[in-house]
Structures are given as C-alpha cells and as structure tokens.
Amino acid sequence: MITLMKRIIDTTGRYSHRVMAAFVFAFLKAMLSKAPVMIAFVGLSDWFHGTLTEATCLWFGSAVLVCILLQALCQNMADRLQSAAGFMVFAEKRMELGKHLRKMPMGYFTEGNIGKISSVLSSDMVFIEENCMTALADMMSDIFAEIVMLVFMLFFNLYLGIAALAVVLIGIPVTKGMEKEALRDSASRQEQSENLTEAVLDFAEGIGISKTYNLLGEKSKELSGNFKEMCETSLNFERQHSPWQRGLNLVYGLGAALIVALSMILYSYGMIEPMYVVGMMLFVFDLFGPLKALYGQGTRLTVMNSCMNRTEEVFAEAEMPDTGEAHLPAAAEGVPEIEFSNVSFGYGEKEVLHNMSFSLPKNQMLALVGPSGGGKSTIANLVTRFWDVGSGAVKVRGKDVREVPLSELMNQMSVVFQRTYLFRDTVYNNISMGRPDAAREEVIKAAKAARCYDFIMKLPEGFDTVIGEGGASLSGGERQRISIARCILKDAPIVILDEATASVDADNETYIQQAITELVKGKTLIVIAHRLHTIRNADEILVISDGRVAERGNHETLMEKQGIYRRFVSVRQNSAGWNRQASS
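Only a predicted model underlies this, so the values are computations on that prediction, with no experimental measurement involved.

**Student:** Just to check I follow, could you spell out the overall build of the chain for this structure?
**Tutor:** Looking only at helices and strands, one finds 20 helices and 10 strands in the chain. For the chain, whose C-alpha radius of gyration is 35 Å, the value lies well above the compact-globule estimate of 25 Å for 584 residues. Across its three principal axes, the chain shows a C-alpha extent of roughly 120 × 50 × 50 Å. Taking all 584 residues of the chain together, 47% fall into the buried category. Put simply, of all contacts in the chain between residues at least 6 apart along the chain, 77% involve residues at least 24 apart. As displayed, the chain has an accessible area near 29000 Å², and 57% of this comes from carbon and sulfur atoms. The average position of the 57 basic charges and that of the 65 acidic charges among the side chains of the chain differ by 4 Å.

Written out as structure tokens, the structure reads:
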C-alpha cells in the first residue's frame, strides 16, 4: 500500500510540495483526533484519585473543544492542499495527453483505441483526481494516528503495547492478500469500463444505421449486455474483496478482545490499577480504527493503480518522430513539388503500396483514380504524413517529409476529406481554424468564395451560430463547403481533395465545384475522385490498382489505350458506377 501511495505522490510532480504540506496537517489532525481520548484518560485518573474539580473539568472540556476545532481546521487545510493539487496535476496531464495524441500516427486512432482514449480521459483520470488525491492525506492521517495509538499503548503499559503491536503485525498478511486480490480484479474492472465506453460510442455513432435496418433491438441488447457485464464485474469485485475485509475486521476485533482480557489479567495480578482497566475499556475500541479506515481506503488505491497503468499505456504509445530540422524552400527550381520515390507502405503486416514512384510539378493537377482499396487515400495520407512510409521516401520540394518539422509541413497543405468533421463551435470559429489570426473580413471573404455565405446568413445567429458536434445540424454539402472555406482561408500552396464531392447531391455538387475552383487557383493539386468531369482536365492521371501505378498519362492518352482507365470512363458514361471489374 505504501508503494501505491508513493506512486500517487510521484505523479504530482511540481505540486508535490502541496501534498507534503497536506501531510503535515494530516499529522497534526491525527494527533488532535486522539487527544480527546488521552484527555479523558487524564480526567478519569483525577476522578479515581479524588483530585477532579470543577475547574479541571472546565479545562478538560475546553481542551477537547479546542482539539475538535483545530482538527477541523487541519482537515480543511489538508483537503484544500491535496484536492487542489490533484485537479491541477490532472489538468496538466490532460493537456499533455492532448499534445501526445496530436503527435500519434493516424493508425493508432483507426485500431479501435477511441474507446480507450475516452475511458482514460473520462473515467480513469477522473477517478484518480476525485478519489485518490482527496483521500491521500486522510490515509496518511490514519497511519500517523495508528502510530500515535501504538506509542501511547506502549507508554500506557508495555505488555498491552506489545500485544497491540502483535495484532497489527498479524493483520499484515491479510492486508497483503486483500491488496493482491484487489489489484488483479481492479484491472479487469477498468477494462470492462473501457469496453462499455466503446459500446456506448458504437451505439451512438451507428444509431442511424440501426434504425434504418430495424436493428435497434439487437444493438440495444449488445449495449445492455455490456451494462450487465459492467454491473457483474463490479459486484464480483466487491464479492472477492469482502471476505478479506471481514477477515481483517475479525483479526482486529479478536485483537481488541485479547487486549481487554490481557488488561483484566494484569489487573488480577496487581500489575495495573483499576482506573487503567477502565481507561483501556474506553481506549481499545478506537485502537485499530485508523487501520480499518486505512485499509478500507486501500480498494481505491488498487483501482487507482489500474487507472494509472491504463493512462501510462496511452502515454507510452510511440509518437510519430518529429525531430526534423530541414526547412522547405519557398520555391525549388528543377525539383518536383511532390515526389514519391520507391515508396512501400503497409497497415500492420499487410502491404498496400508497392515500390511506387511518381512526381508532381508545381501548380499542376494530379488525379488518382482506381478501384476502392487500391491505395489512393493512402497516397494522400503519406503526403500529409499522417503515416510514415515503410520504405522509400515522400518528398516535398526535394525534402523528405520526415526531415521537415510537422508543423511546417502542414502549413504547406490543405486537405478536403470526403467525411468532413466540424467542431461543436460557432461557424466563424470552424472556418477561422484555417488561419486563427485572420481578420473577420477575411473569414467572411473565404465563406463567400466557398459559396457558403448565403446559407450561413440564414442561420439563427449567422456566423456566430453554434453548430452541433460533427456539424450534425448542417447538411453534408453545407459541411463540405465550410471545410473548403477553411482551406481557402488557410491559402496553402498544396491542396489535396479526397473525393470531396462523392456523397453530395447535384445542387450541392455545383456549389462545391465552384468553391473548389476558387480554392485551387494557383495551387499544386492532388485529386482523388470517381467523377469523370473532376479529373479529365488533370495534367496527369494515375490509375492506382492493387497498390501500384497501373497506368499514367492525361485523359486523351489514356483513352487511346484499351486499359483500366478507358473501361472506367465507359462505365461512368453508362452511369453504371465504378466497380472492381474495371481492373480485371
């Protein structure tokens, strides 16, 4: 248990002095909490010897009152110091976690870790700061109080003190077993908490699909199953812990009875006076109270240990290296703006790009077409360095993107994704993310260029309207145009469009095409698209199939070949849509 307490203290870092100060007040509280018992014993002694007077009774009563008031003051100071430290520590921890997650490769977020991140932030960290940090001084107070009690017992009577110490030592193996059991079970409890978080997120995100296919009952059963599993896990935790707690209470109960019996024996042999026996009757019921309270708090520490393990697991995940010191030149004569040099890449063990090479000159348009799963979006992700290549190099203006600071690289790029995400904030702030220091007039100008000004002004508060998380209160086309306005405001020289018009209706597509035209003026452009009119004017078209460049050229040269691209165009012209048979 001391090891677990030390682990909490180590976590406090630069706020440890506040925790240490709380320990001082905890020690004073422990002394003051036992002072009334000692005062009562002195008063009992005076009464037994016939020296108790009205004045001394008044003094004893006043002393007890002062002890109680000072004890409350010390408790308040300890709580203020340690609770404030806990909240300040984990406010910083959350910021550190945010910075850490920002540097993680995108693969981490696509491997089922969203539930874990949510659970760490909303459950594990909250548990530590609200439960363990506030209980730390109380636990130290219990330790100090028990030491005070044992010292007093030894001073009271050596034999009784040794007996009390023996009971404490006998209880140690029980507490060790209880701690070991709780450590094991608390890990499974927190894992189930993570599973429940994932289930809730999955249910909430997929509720539209569940309704469409009348699967709410099935999905609700899965969610209810997770709730029941969480309930059963928590109950099992208590069931496993309760026998140890009962055993510990039995040890201390029998120990107290033993000390009372021993005091009676000592009295029968004339080794202690009658008043000591009466005093022991008052004293013994509180003798092991601090230890009971301490080990009762121990369950919190074991859960805390699991919470800290899970938090540290997230912090231990490898960040994408960002140690590059090379700088991108404003212009690089004779060097492509973007270049893939023998690039291979895989998600885990599965390689999806195989020794791929191509280049894109400045201010030209490159279109990527091909069957789904061929590797088109992966190429865009490697250019933006959402992942690092397995072998080869991705270069921007002749510099390997791994050698350039991520912040500098991202300043050169704007990306419009097929799935647009808007934050729960005002429309204005969602657009100004492109360039936070932009003037309001510039934000409005970007909105007009992106063809979203008119519908924004129809919103209840115009640009100051708060939109739902993910942009849920807007249509897909409206969300897409706001994301394009964000990119127009950023005005980066490299633009990547990842099927930006794939999931919008004809009216919105017209507006989006007009917005994109404004966005790409004078830019180097990579377009991933399935619509023919989007790609036919590209300077170069790459047909990506099975992780390789199957064909390359402009629209006219590729149409002359009897290849994948021509079959793709025929399919589109016949309105049959792209399918994987085009690559056969």
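**Student:** Explain the nonpolar core to me, please; I cannot follow it from the model alone.
**Tutor:** Ranked by size, the top nonpolar core spans 65 residues in total, and within it Met153, Ile259, Met280, Leu287, Phe288 and Met304 carry the most contacts. Contributing elements (two or more residues each) for this core: α1 (2–11), α2 (16–49), α3 (54–102), α5 (114–156), α6 (158–205), α8 (216–268), α9 (274–284) and α10 (289–316). In terms of residue count, the dominant contributor to this core is α5 (17 residues). Leaving out residues up to four positions away in the same chain, Leu287 has contacts with Glu146, Met149, Met153, Ala164 and Ile259.

**Student:** Please clarify how the pairing of strand β6 (residues 413–416) should be interpreted in this entry.
**Tutor:** A regular strand carries its side chains on alternate faces of the sheet. Of the two faces of β6, the one lined by Met413 and Val415 and the one lined by Ser414 and Val416 are each fully buried. Both β6 and strand β7 (residues 494–498) contribute to a ladder of four bridges, which runs parallel. Considered in β7, the bridge of Ser414 is made with Val495.

**Student:** I tried to follow the state of the cysteines on my own but got confused; where do I start?
**Tutor:** Here, disulfide denotes a covalent bond that connects the sulfur atoms of two cysteines. The tally for this structure, following the rule as stated, stands at zero disulfides. The thiol sulfur of Cys74 is not disulfide-bonded, and the nearest other cysteine sulfur, from Cys67, lies at 10 Å. In this structure Cys74 comes out as buried when scored by relative accessible area, which is 8%.

**Student:** How should the pairing of strand β4 (residues 391–396) be read in this particular structure?
**Tutor:** Looking at chain direction, strand β1 (residues 338–347) and β4 are connected through five bridges and run antiparallel. The partner of Ser344 across the bridge, within β4, is Ser391. Examined bridge by bridge, β4 and strand β5 (residues 399–400) share two bridges and lie antiparallel to one another. Looking at the pairing, Val396 lines up with Lys399 of β5. With antiparallel pairing between neighbouring strands as the criterion, β4 and β5 make up a hairpin whose turn holds two residues, including Arg397 at a positive phi of roughly 55°.

**Student:** Any chance you could explain the packing of α2 against α3 here in plain terms?
**Tutor:** Between two packed helices, what matters for the description is the angle formed by their axes and the separation of those axes. Axis separation between α2 and α3 bottoms out at 8 Å; the angle between their running directions is 160°. Of the possible angle classes, the one that applies to α2 and α3 is roughly antiparallel. The hand of the α2/α3 crossing is left-handed. Class assignment for the residues of the contact of α2 with α3 results in 22 nonpolar, five polar and four charged.

**Student:** Looking at this structure, I do not really get the environment of Met365. What am I missing?
**Tutor:** In this fold, Met365 is placed in strand β3 (residues 365–369). For Met365, a relative accessible area of 16% gives the class buried. In this structure the C-alpha to C-alpha distance between Met365 and Val520, which are 155 residues apart in sequence, comes to 9.3 Å. With sequence-adjacent residues up to four places away left out, Met365 is seen in contact with Leu360, Leu525, Val527, Thr534, Ile535, Ala538, Asp539 and Glu540.

**Student:** Sorry if this is basic, but what is going on with unusual backbone geometry here?
**Tutor:** It is generally the case that most residues other than glycine have a negative phi and that most peptide bonds are trans. Despite not being glycine, Asn355 shows a phi value in the positive range, around 50°. Take Asn355: it is sitting in strand β2 (residues 350–360). You will see that Arg385, though not glycine, has its phi angle at about 60°, which is positive. Note on placement: Arg385 falls in the loop between α11 (376–383) and β4. The exposure class of Arg385 is buried, given its relative accessible area of 3%.

**Student:** It is not clear to me how the packing of aromatic side chains should be interpreted in this structure. Could you clarify?
**Tutor:** Pairs of aromatic rings are described using the distance from one ring centre to the other and the angle between the two planes. Across all of its chains, the model carries eight aromatic pairs by this definition. Aromatic side chains Tyr347 and Trp387 sit 5.3 Å apart centroid to centroid with 80° between the ring planes, which places their arrangement in the edge-to-face category. Of the two residues, Tyr347 sits in strand β1 while Trp387 sits in the loop between α11 and β4, which places them 40 residues apart along the sequence. Taking relative accessible area as the criterion, Tyr347 reaches 34% and is therefore assigned partly exposed. Relative to Phe568, the ring of Tyr565 has its centre 5.8 Å away and its plane inclined at 55°; by these criteria the two rings are tilted. Of this pair, Tyr565 and Phe568 both sit in helix α20 (residues 564–573), three residues apart, roughly one helical turn. Among the residues examined, Phe568 registers a relative accessible area of 1% and is labelled buried. Through a chain of ring-to-ring contacts, the aromatic side chains of Phe345, Tyr347 and Trp387 assemble into a single cluster. The ring of Phe315 has Lys93 lying over it, and the distance from NZ or CZ to the ring centre is 5.6 Å. The lysine or arginine in question, Lys448, covers the ring of Tyr453, its NZ or CZ lying 4.9 Å from the ring centre.

**Student:** Mind showing me how you'd approach helix α16 (residues 476–490) here?
**Tutor:** One turn of the α-helix equals 3.6 residues, which is why residues spaced by three or four share an orientation. With 15 residues, α16 extends 21 Å between its outermost C-alpha atoms, agreeing within 8% with the 21 Å of an ideal straight helix rising 1.5 Å per residue. Gly477, Gln480, Arg481, Ile482, Ser483, Ile484, Ala485, Arg486, Cys487, Ile488 and Leu489 are the residues of α16 that are buried. Following α16 by one or two positions, Asp491 adopts a phi angle in the positive range, close to 60°.

Scoring rules and cut-offs
Residues numbered from 1 in each chain as written. Predicted model: local features only at pLDDT ≥ 70, side-chain atom pairs only at ≥ 80, totals over all residues. Heavy atoms only, no water. Helix = DSSP H or I, 4+ residues; strand = E, 2+ residues; numbered from the N terminus. Rg over C-alpha atoms; globule rule 2.2 N^0.38 Å. Buried < 20%, exposed > 50% of the residue type's maximum accessible area, 1.4 Å probe, protein only. Contact = heavy atoms within 4.5 Å. Areas by Shrake-Rupley, 256 points an atom, 1.4 Å probe, with all protein chains shown as cover. Lys, Arg positive; Asp, Glu negative; His and termini not counted. Charge placed at Lys NZ, Arg CZ, Asp CG, Glu CD. Core = buried A, V, L, I, M, F, W, Y, C linked by side-chain atoms within 4.5 Å. Pairing = 2+ DSSP bridges. Disulfide = S-S within 2.5 Å. Axes fitted to C-alpha atoms, helices over the stretch in contact; angles between N-to-C directions. Parallel < 35°, antiparallel > 145°, perpendicular 65-115°, else oblique. Left-handed = near helix turned anticlockwise from the far one by under 90°. Nonpolar A, V, L, I, M, F, W, Y, C, P; charged D, E, K, R; others polar. Phe/Tyr/Trp six-rings, centres within 6.5 Å; stacked < 30°, edge-to-face > 60°. Lys NZ or Arg CZ within 6 Å of the ring centre and 35° of its normal. Expected span 1.5 Å × (residues − 1).

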